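Observations on the three-dimensional arrangement
Read off the chains here:
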Amino acid sequence: MSLITLLSGNSSENLFLPAHGRGKGLPEKLRNLLKLKPGIWDLPELFEIGGPLIDEGAIAESQKCSAYKVGVDRCWYGVNGATGLLQSSLLALARPGQAVLMPRNIHKSCIQACLFGGLTPILFDVPFLSDRGHASVFDRTWLQTVFCKAKELEEDIAAVVLVNPTYQGYSADIESLIKEIHSHSLPVLVDEAHGAYLISELRPDLPKSALSFGADLVVHSLHKSAPGLVQSAVLWSQGGKVDPFRIERSIELLQTSSPSSLLLASCESAIKELIESQGQKKLISLIEEAESFSDFLINHEVPLLDNSDPLRIILHSSKFGLSGIEVDKQFIKKRIIGELAEPGTLTFCLGFSSHKGLEKKFVRIWNEILKSSFSQQKFYLFTRPPFEIVATPSRPCSFSWGSNFEKVNLKDSIGRISVEMVCPYPPGIPLLIPGEILDKARVDWLIEQRGFWPEQIPDFVRVVS
Ligand SMILES: Cc1ncc(COP(=O)(O)O)c(C=O)c1O
């Protein structure tokens with residue numbers, strides 16, 4: 001089937017990202033734009049339009065206006081997702097040779113920035129939820145231990161990165177973590193790819209954006225947690241710790257020289273939807289609908305896990321001995337497509353479109369899966385990853401990545417140094433990064449993970465030859 005034919009079909013329930021739900025949740029003005037003559041909106045950086053790094057024109061005005069309304073100093077729209085803006089942020093925060101402290105559940109884009117920016121990632125461990133196999137959030141005491149241990153490494157730490165909320169919608173007490181980082185006089189970049197809509201501050205019981213607590217840089221993926229088109233994103237900056245000149249220079253390094261006006265218009269309209277009253281009203285009602293959806297499932301004994309994001313529903317398949325990856329395939333056969341299939345769970349993203357009436361079908365499918373899988377049940381309790389509280393790769397990431405390599409079977413890789421990332425996607429969290437040594441504990445754990453993600457983790461690894 002051709003790509004065009006595939007894109008034209010629309011017969012499934014979309015509980016995956018982008019969050020606009022195949023157009024249903026796009027802001028009205030953007031929908032109207034897309035209904036005009038095909039391609040009329042596909043313009044270059046004309047004088048009156050400008051671009052994210054140009055001081056004049058509609059985009060400069062729009063960025064100024066968004067930053068003002070959100071209450072921060074500056075913002076830049078992005079056309080290469082949160083990926084591009086996280087990478088630019090890291091290059092702005094640290095020079096080659098410096099180190100950046102980041103959690104083990106960091107997105108691969110930040111490790112890639114370390115590769116090409118010559119930065120050293122100091123990776124710190126995070127709490128682990130063994131009943132479902134997820135990285136969890138941590139508190140200030142945890143972070144204080146991390147700082148103590150990181151100082152022993154005697155690296156020149158330039159910044160800290162936090163990921164909040166997580167893909168599954170867990171959220172930490174971000175205020176106390178930011179305070180701790182600032183007490184060390186370091187800037188903090190928060191990867192809020194999954195939390196753009198938190199800037200709306202719709203209800204006191206929902207988490208707040210790290211922007212409200214003085215985070216220096218925050219990146220939002222506007223297609224993951226706002227109603228933007230795929231690739232739309234925004235970087236917000238505030239305070240005096242990071243020079244905007246360094247940010248712009250780093251964006252310029254990675255951004256295409258022809259950013260799409262359509263994507264930039266989508267950034268503008270997605271942000272407006274989050275901060276203007278009409279969009280907020282819609283969002284409140286979607287959140288209420290999502291909460292009734294979850295309540296219905298819970299009342300019908302579908303095993304859901306608690307999180308802080310009502311728009312993300314975590315089905316705890318391993319509670320019944322079932323792999324989320326297998327359960328996902330069953331849901332897809334019944335034309336409900338989830339977002340994040342993992343060994344212990346399947347996360348559904350309700351996003352910015354309505355799914356009224358779907359809950360009965362959902363319960364029916366789950367009960368069918370449960371019945372048909374009863375005889376194959378295996379109990380899952382997941383092994384904690386064998387990570388040190390803090391660790392740096394034993395050889396510089398970029399050096400290892402560029403080294404000559406050979407391919408060896410995972411079981412024969414003990415003592416070797418990886419040249420690549422091992423990284424199931426989604427969620428895009430590396431289990432191994434270039435430069436890390438494959439000790440026995442890591443190899444045993446990777447072999448176990450391969451059993452859970454057979455299609456995502458190969459049985460070989462490329463190592464420095
Ligand atoms: C935590 C996190 N950060 C960043 C990204 C990258 O987002 P984007 O797809 O907008 O580049 C992802 C994507 O999965 C993610 O999960």
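Residues numbered from 1 in each chain as written. Predicted model: local features only at pLDDT ≥ 70, side-chain atom pairs only at ≥ 80, totals over all residues. Heavy atoms only, no water.

1. Comments concerning the site of the ligand
Short version of the rule: The rule for a residue being near a molecule or strand is that one of its heavy atoms must lie within 4 Å of it. Polar contacts, as used here, are pairs of N or O atoms within 3.5 Å; protein pairs need one atom able to donate a hydrogen and one able to accept it. Residues neighboring in sequence count only if both atoms are side-chain atoms. The method behind every accessible area is Shrake-Rupley, applied with a 1.4 Å probe, and residues are considered shielded solely by the protein chains displayed. Counting from the N terminus, the helices are DSSP H or I runs at least four residues long and the strands are E runs at least two residues long. The classification used treats Ala, Val, Leu, Ile, Met, Phe, Trp, Tyr, Cys and Pro as nonpolar, Asp, Glu, Lys and Arg as charged, and all other residues, Gly among them, as polar.
Neighbouring residues of the ligand: 14 residues in total, closest A82, T83, D191, H194 and S221. Between an oxygen atom of the ligand and a main-chain N or O atom of A82, the distance comes to 2.8 Å. Here an oxygen atom of the ligand sits 2.8 Å away from a polar atom, N or O, in the side chain of K224. Notes on the ligand: free accessible area 400 Å², of which the protein chains cover 93%. Examining the composition of the shell around the ligand, we find that four residues originate from one element, helix α4 (residues 81-93), more than from any other. Each residue belonging to the shell around the ligand can be placed in one class, and the counts come to six nonpolar, six polar and two charged.

2. Concerning the pattern of salt bridges
Let me state the cut-off plainly: Only one rule defines a salt bridge in this text: a Lys or Arg side-chain nitrogen within 4 Å of an Asp or Glu carboxyl oxygen. Burial status follows relative accessibility: with a 1.4 Å probe on protein chains alone, a residue under 20% of its type maximum counts as buried, one over 50% as exposed, and anything between as partly exposed.
Going through the model one piece at a time under the given rule, you end up with 19 salt bridges. E273 serves as the salt-bridge partner of K282, at 2.8 Å between the closest nitrogen and oxygen. In this structure K282 comes out as partly exposed when scored by relative accessible area, which is 35%. Two residues, K440 and D444, come together in a salt bridge whose shortest N-O distance is 2.6 Å.

3. Observations regarding the sheet that holds strand β3 (residues 99-103)
Across a sheet, strands are paired by hydrogen bonds formed along the backbone, either parallel or antiparallel in direction. Inclusion rule: Only strands joined by at least two bridges in the DSSP assignment are considered to pair. Residue contacts are defined here by distance: any two heavy atoms, one from each residue, within 4.5 Å place the two residues in contact. Working convention: axes come from line fits to C-alpha atoms, limited for helices to the stretch in contact. Angles between N-to-C directions cover 0 to 180 degrees.
One open sheet holds the eight strands; their spatial order is β2-β10-β9-β8-β7-β3-β4-β16, and the pairing between them is mixed. Edge positions in the sheet fall to β2 (74-78) and β16 (390-391), since each has one partner strand and no second. Bridge analysis of β2 against strand β10 (residues 233-237) gives five bridges, and the strand direction is antiparallel. Looking at the pairing, C75 lines up with W236 of β10. Relative to the sheet, helix α8 (residues 244-254) contacts β2, β9 (217-221) and β10, its axis offset from that of β2 by approximately 5 degrees.

4. Some remarks on the packing of helix α10 (residues 277-299) against helix α12 (residues 358-373)
Selection criterion: Two helices crossing with the near one rotated counterclockwise from the far one by less than a right angle form a left-handed crossing, whereas a clockwise rotation gives a right-handed crossing.
Where α10 contacts α12, the two axes come as close as 10 Å, and the packing angle between them is 35 degrees. The two elements α10 and α12 cross, and the hand of that crossing is right-handed. Residues F293, F296 and L297 of α10 form the contact with α12, whose own contacting residues are L358, E359, K360, F362 and V363. In terms of residue class, the contact of α10 with α12 is made up of six nonpolar, no polar and two charged.

5. As for the side chain of N105
Turning to its location among the elements, N105 is positioned in the loop between β3 and α5 (108-117). What makes N105 buried here is its relative accessible area of 9%. Non-local contacts of N105, meaning those with residues more than four positions away in its chain, are made with V126, A135, V163, T166 and I429.

6. Brief notes about the domain arrangement of the chain
Here is the rule we go by: Domain delimitation in this document rests on an assignment produced automatically or drawn from a domain database. Buried area adds together the accessible area that both of two parts lose upon being put together, with accessible area traced by a 1.4 Å probe.
Along its sequence, the chain is carved into domain 1 (28-276), domain 2 (278-376) and domain 3 (393-464). Centre-to-centre separation of domain 1 and domain 3, based on C-alpha positions: 27 Å. Across the boundary between the two partners, domain 1 contributes 14 residues, which contact 16 residues of domain 3. Summed over the three residues of domain 1 that lose the most area to domain 3, namely R104, K108 and L115, the buried surface amounts to 43% of that side. Across the contact surface, domain 1 and domain 3 share one salt bridge. We note a salt bridge from E436 to R104, for which the minimum N-O separation is 2.8 Å. Where domain 1 touches domain 3, the interface holds two residue pairs in polar contact (both at pLDDT 80 or more). Elements represented by at least two residues in the side of domain 1 that touches domain 3 include exactly α5 and β4 (120-124). If one sorts the elements of the side of domain 1 that touches domain 3 by residue count, α5 sits on top with five residues.

7. Comments concerning the sheet that holds strand β14 (residues 340-341)
With antiparallel pairing, four strands are arranged side by side in an open sheet as β11-β12-β15-β14. The two strands at the open ends of the sheet, each matched to only one other strand, are β11 (304-305) and β14. Here strand β12 (residues 312-315) pairs with strand β15 (residues 346-349) via four bridges, running antiparallel. When the sheet's bridge partners are listed, I313 is paired in β15 with F348.

8. Some details on α12
Quick note on the threshold: To estimate how far a helix should reach, multiply one less than its number of residues by 1.5 Å. Our arc is simply the arc of the directions from the helix axis toward the C-beta atoms.
Helix length check: α12 (16 residues) gives 23 Å between terminal C-alpha atoms against 22 Å at 1.5 Å per residue, within 8%. Regarding α12, the residues found buried are L358, E359, F362, V363, I365, W366, I369, L370 and S373. In an axial view of α12, the angular spread of the buried residues amounts to 165 degrees, which keeps them on one side of the axis. More than 90 degrees from the buried face of α12, the exposed residues found are K360 and K371.

9. Observations regarding the packing of helix α3 (residues 58-70) against helix α9 (residues 261-275)
Note the cut-off: Here is the rule for angles: anything less than 35 degrees is roughly parallel, anything more than 145 is roughly antiparallel, 65 through 115 is roughly perpendicular, and the remaining ranges are oblique.
Packing of α3 against α9 leaves a shortest axis separation of 11 Å and a crossing angle of 20 degrees. Considered as vectors, α3 and α9 are oriented roughly parallel to each other. Two packed elements cross with a definite hand, and for α3 against α9 that hand is left-handed. Across the interface between the two elements, I59, S62, S66, K69 and V70 from α3 touch L264, E268, I271 and I275 from α9. Considering only residue class, the contact of α3 with α9 consists of five nonpolar, two polar and two charged.

10. Side note on the packing of aromatic side chains
For the record, the criterion: Each aromatic pair joins two rings of Phe, Tyr and Trp (for Trp, the six-membered one) with centres within 6.5 Å, and gets the label stacked for planes under 30 degrees apart, edge-to-face for over 60, and tilted for any other angle. Over a ring means this: the NZ of a Lys or the CZ of an Arg is within 6 Å of the ring centre and within 35 degrees of the ring normal.
Under the counting rule described, the total for this entry stands at nine aromatic pairs. Seen from the ring of Y425, K108 lies directly overhead, with NZ or CZ sitting 4.7 Å from the centre. Sitting over the ring of F460, K407 keeps its end group 4.2 Å from the ring centre.

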